[in-house]
Amino acid sequence: SQKIEQNSEALNIQEGKTATLTCNYTNYSPAYLQWYRQDPGRGPVFLLLIRENEKEKRKERLKVTFDTTLKQSLFHITASQPADSATYLCAPGRPSGQLVFGTGTRLLVSP
Amino acid sequence: GAGVSQSPRYKVAKRGQDVALRCDPISGHVSLFWYQQALGQGPEFLTYFQNEAQLDKSGLPSDRFFAERPEGSVSTLKIQRTQQEDSAVYLCASSLGGTSYNEQFFGPGTRLTVL
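Cut-off values and rules
- Residues numbered from 1 in each chain as written.
- Chains lettered and ligands numbered in written order.
- Predicted model: local features only at pLDDT ≥ 70, side-chain atom pairs only at ≥ 80, totals over all residues.
- Heavy atoms only, no water.
- Pairing = 2+ DSSP bridges.
- Helix = DSSP H or I, 4+ residues; strand = E, 2+ residues; numbered from the N terminus.
- Axes fitted to C-alpha atoms, helices over the stretch in contact; angles between N-to-C directions.
- Phe/Tyr/Trp six-rings, centres within 6.5 Å; stacked < 30°, edge-to-face > 60°.
- Buried < 20%, exposed > 50% of the residue type's maximum accessible area, 1.4 Å probe, protein only.
- Salt bridge = Lys/Arg side-chain N within 4 Å of Asp/Glu carboxyl O.

Attention shifts here to the sheet that holds strand β1 (residues 3-6) of chain A. Residue and element names in this part refer to chain A. What the 5 strands build is an open sheet, ordered β1-β3-β8-β7-β6; its pairing is antiparallel. Edge positions in the open sheet fall to β1 and β6 (56-59), since each of these has one partner strand only. Recorded for the sheet is a direction-independent mean angle of 15° between the axes of neighbouring strands.

Once that is clear, we can look at the packing of aromatic side chains. Under the criterion given, the structure shown has 14 aromatic pairs over all chains. Relative to Y90 of chain B, the ring of F65 of chain B lies with its centre 6.5 Å away and its plane at 40°, an arrangement referred to as tilted. One end of the pair, F65 of chain B, is in strand β7 (residues 65-68); the other, Y90 of chain B, is in strand β9 (residues 88-95), with 25 residues separating them in the sequence. Taking the relative accessible area as the measure of exposure, F65 of chain B reaches 5% and is therefore buried. Taken together, the ring pairs connect Y36, F46 and F101 of chain A together with F33, Y35, F45, Y48 and F106 of chain B into an aromatic cluster.

A few words on the sheet that holds strand β4 (residues 32-38) of chain A. Residues and elements named next belong to chain A. Pairing is mixed in the open sheet, where 5 strands are placed in the order β2-β10-β9-β4-β5. The outermost strands of the open sheet, each flanked by one partner alone, are β2 (11-14) and β5 (45-51). Shown here is a sheet whose adjacent strand axes are inclined to one another by a mean of 25°, direction ignored. Across 6 bridges, the pairing between β4 and strand β9 (residues 86-92) is antiparallel. Within β9, the residue paired with Q34 across the bridge is A91.

This part is about the pattern of salt bridges. Residue and element names in this part refer to chain A. Here the structure, examined in full by the defined rule, presents 8 salt bridges over all chains. In this structure, the salt-bridge partner of E56 is R58, at a minimum N-O distance of 2.9 Å. Among the residues examined, E56 registers a relative accessible area of 41% and is labelled partly exposed. On the basis of relative accessibility, which here comes to 59%, the residue R58 falls in the exposed class.

Written out as structure tokens, the structure reads:
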């Protein structure tokens with residue numbers, strides 16, 4: 001079965017630094033991968049989608065990479081702010097549209 | 001106008017009771033998904049509709065779980081004879097198209113507690 005692994009422990013960084021979150025997947029080859037942000041008590045919010053033929057994608061302070069050989073995606077937030085504190089979910093997609101979510105990594109940005 | 005809405009936001013049920021959870025997707029969105037999220041975990045897929053057709057129900061954990069979207073808009077997830085292990089947040093999401101590359105818009109979820 002598909003397995004998605006994200007850092008299970010919280011990532012603590014200082015404001016202004018770059019946060020890097022890792023997503024590793026096994027047992028399948030997704031054609032695309034989405035990243036979502038989830039705040040406590042709320043549903044996930046879409047951030048970025050990257051396709052298998054794209055190595056890197058950027059949106060403002062966010063950057064995502066997708067290495068289909070390593071079966072890994074990295075999610076970077078540059079110049080991090082306390083407001084970036086949340087849980088970030090990696091979700092490789094199936095052709096049917098179904099997303100397979102990882103457990104998420106909690107990011108804490110200290111002022 | 002508004003995003004995806006879900007009701008109720010919180011539901012407490014006694015073991016063995018039936019519950020019905022409602023999802024109002026964004027108007028015009030073709031696809032609708034239901035997910036189950038346990039504490040500290042990511043959302044787990046339950047079922048998927050494209051308009052009124054239920055195209056994938058492989059994630060429903062047992063035949064006590066049933067979902068419908070009769071007119072291709074509002075959807076209801078029904079759980080019969082609830083068990084304690086059904087306690088979780090149930091998330092609904094909708095997306096504009098029927099292809100796999102569309103972003104999904106999530107509702108706030110219904111937190112179900114089974115006593």
